[in-house]
Amino acid sequence: MCWRSYGPRKASTLLSGCILFLSESMEEVIKLKESPPALLERRVRHRQLALSVLKSKLKQSVSCSVPRVRSTLSGFFPVVGWLPKYRLREYVWGDVMSGLIVGIILVPQAIAYCLLAGVEPIYGLYTSFYANIIYFFMGTSRHVSVGIFSLMSLMVGQVVDKEVFLAGFDLSEDLLGFNASLRTNFSGHDAHSVELMGVQCGKECYAISIAAALTFLAGIYQVMMAVFGLGFVSVYLSAPMLDGFATGASFTILTVQAKYLLGLKIPRHQGYGTVLVTWFNIFANIHKTNVCDLVTSAICIAILVTGKEIQERYKDRLKIPLPTELLVVAGATLASHFGNLNHLYGSSVSGHIPTGFIPPQVPSFGLMPRVALDAIPLAVISFAFTVSLSEMFAKKNGYTVRPNQEMLAIGCCNIIPSFFHCFTTSAALAKTMVKDSTGCQTQVSSLISAVVVLLVLLFFAPYFHALQKCVLACIIIVSLRGALRKFKDVPSKWRASKNDAVVWLVTVSATALISVELGLLVGITFSMMCIIYKTQKPKVSLLGRANDSELYEDVEEYQNLVPPLRIRIFRFQAPLYYANKDIFLASLYKAVGVTPFLEKTRRRKAEKKAKKMSTTQANGDTTNGEVVVGLVQRELDFHTIILDCSTIPFIDSAGMAAFKGLLQEFDQIGVRVVLAGCNTSLVDALQKGQFFGKEMKNMLFHSVHHAVLQTNSMVADNVV
């Protein structure tokens, strides 16, 4: 009976459906015999030998011609392609305005983020200047703003502080006076120095040397990834994981900057649990709070938050963003200078910021083995944020970017500036959004922003001498509002996708409570484990036919579906590989209601009982004859299983072994197994594994309906 496994409630409906389906199937079988369905024929592909392919690629790569030189030059420097086509009247106003606005925003942020990086403010200005210039020549995005970024600065600062501490310097002291020669910058009471490249190096010299070596290695990694086409690495950085990583890092940034708001001189914690340990130290030293810094911080945060709220509320009316950070920096610098806050109240200030540029210097190769591993997460995160922002704004504005060239561009934005005492850069979301909203058309705006930074470097840098560090900390903390507000989105994330919400929460927790580097590793690992778990617990279903159509769907999800007579159609919605092959077999056995091994055992026991009863029957007891027949000749209510493989993207050797075992097991109990809807890669894998043998034509079908018709035809032939 075809309705036996569906319960008594559906028995009457299924009975009438089966009778109707039987008559329709017989008609279709007759049609199939008269005009058999056409089979698709695979194209014959002649694959070239690997050696010949390698030779042709090598020959092509070493060939030289004018068009090839031109294409290579425009590929490496995209500016060569778009700058001659620049529409001056149409683009120049938007580029100049967005460049000026971003430059004005960039100056205070470049100075402020040096607190995170553990270096002097001048290096933040250098980093912003060189990154904008290089990306202008090499970037493919028209809107991305590349330069100093809070997350990169935090990760650089953690490495710098760790290495400075291991070198024997005292982290509790403020960085001492800047020395333009970058040779010695330690005063008499701090005579500790380290020999670096044959020169005695003080604390600040050693800090920027670590940052430059770290940046150089990160850039080398990124260029190597671009050369070898390893841009696919960013595929494993899912959006929820990156979002959670940025939010968790925001907690760490907030914690690291909190001491400046109170004017406390607490060294940055080295190791795991920075957030917890730092807050414990802050509360333990709360009685040492500098009242001047506290009052200044409260005023600056109030002004900055008010400016941000006005900007968000009236963004449709305001044509340009409010330069709140610049106004706060200018006002606080004047107040600190004329109020003599450093001498009267002991408020910590930025110190002397020189004008001009320092001569370039080769990054210390002796320091690179110490930071080689630390540069890996920097390289990956810098590239991931740059490419994701490039693609997002390219899609928004209707053009395309080249991810591999973006990786090469950001790599050069790290390698070249590392010779000029800069630290790691990447694309920054906030400044990119400002560029997009203020009419940016091309990377000419980055050139304008670089000019603004250059003016500060050449003329205005010394005027920031009296700027309090608590003001810089306020700028950093207020800039984190967007990341911290994402906690409001957790309920909506949970409703949309519980998996994504859990990945986000785990990454945030690991990044904030353990460390930034381990948080990234935990986030990547956990998100990949979630995907693996999904493939291990896929949805499985038995299919039924919709009326007299060729459509077959899940009988539990759709109404009015009738299963084919004495045929089970099984769908497994996941790739079949070593991790879920056992789940595939168990799900199939449960769905069809038969486990071949147990069925064989049951029949074997029935045969033994039949032999005993046959002896009794030979002695003249004829009443046991029907019992013997019932024990031995009990048939299943289906004779064929059709595996709908349309939702199986690939199969490995373990999955193929499961297929072969399944075929043999059901064949031993008189059930035929066929495949339907296989993609070409799956068919190729099965052929290489010799799954079909000589019966491929009768085992593989292009659709479920074709498999049903062919099966009914074969059954009808056998009956006849």
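The structure under discussion appears in the preceding block.
Thresholds, definitions, all that
- Residues numbered from 1 in each chain as written.
- Predicted model: local features only at pLDDT ≥ 70, side-chain atom pairs only at ≥ 80, totals over all residues.
- Heavy atoms only, no water.
- Buried < 20%, exposed > 50% of the residue type's maximum accessible area, 1.4 Å probe, protein only.
- Helix = DSSP H or I, 4+ residues; strand = E, 2+ residues; numbered from the N terminus.
- Pairing = 2+ DSSP bridges.
- 1 Å grid on protein atoms, 1.4 Å probe; cavity = no way out; pocket = protein on both sides within 12 Å on 5 of 7 lines; lining within 4 Å.
- Points joined across faces, edges and corners; volume = space filled by probe spheres on them.
- Nonpolar A, V, L, I, M, F, W, Y, C, P; charged D, E, K, R; others polar.
- Salt bridge = Lys/Arg side-chain N within 4 Å of Asp/Glu carboxyl O.
- Core = buried A, V, L, I, M, F, W, Y, C linked by side-chain atoms within 4.5 Å.
- Contact = heavy atoms within 4.5 Å.

Asks: Sorry if this is basic, but what is going on with the pairing of strand 8 (residues 567-572) here?
Replies: The two faces of a sheet get side chains in turn, since along a regular strand they alternate between them. In terms of burial, strand 8 is a largely internal element, six of the six residues being buried. In terms of strand pairing, strand 5 (residues 540-546) meets strand 8 through three bridges, oriented antiparallel. Along strand 8, the bridge assignment pairs Val540 with Phe572. Alignment of strand 8 against strand 9 (residues 640-644), held across five bridges, turns out to be parallel. The residue bridging Arg568 from the neighbouring strand is Ile641, located in strand 9.

Asks: Help me understand empty space enclosed by the protein, please; the structure alone is not making it clear to me.
Replies: Here the idea is plain: a probe the size of a water molecule rolls over the atoms and shows the empty space left. What the rule picks out here adds up to five cavities of 30 Å³ or more. Put simply, the largest cavity is a space of about 90 Å³. Ser209, Ala212, Gln361, Val362 and His421 are, among the twelve residues lining the largest cavity, the residues nearest its centre. Of the residues forming the lining of the largest cavity, the biggest block, three residues, is contributed by helix 8 (residues 203-227). Of the residues assigned to the lining of the largest cavity, the class counts are seven nonpolar, five polar and no charged.

Asks: Would you take a moment to explain the pattern of salt bridges for this structure?
Replies: Side chains that differ in charge, positive against negative, can pair when their charged atoms come close. Applying the stated criterion across every chain, the model contains 20 salt bridges. With a closest N to O distance of 3.2 Å, Arg571 and Glu553 form a salt bridge. On the criterion of sequence distance, the pair formed by Arg571 in strand 8 and Glu553 in strand 6 (residues 552-554) is long-range, its members being 18 residues apart. By relative accessible area, Arg571 is classed as buried at 11%. For Glu553, a relative accessible area of 22% gives the class partly exposed. Asp582 is the salt-bridge partner of Lys581, the closest N and O atoms lying 3.1 Å from each other. The network of salt bridges with common partners includes Lys162, Glu163, Arg370 and Asp374.

Asks: Mind showing me how you'd approach the nonpolar core here?
Replies: Taken as a class, soluble globular proteins show a tendency for nonpolar side chains to be buried jointly. If you look at the biggest cluster of nonpolar residues, it comprises 117 residues, and the most contacted ones within it are Val119, Leu125, Leu151, Tyr206 and Phe423. When residues in this core are grouped by element, the largest group, 14 residues, is from helix 8. Setting aside anything within four residues of it in sequence, one finds Phe423 in contact with Cys114, Ala117, Val119, Tyr123, Gly124, Thr127, Ile148, Ser153, Val156, Ala211, Thr215 and Asn414.

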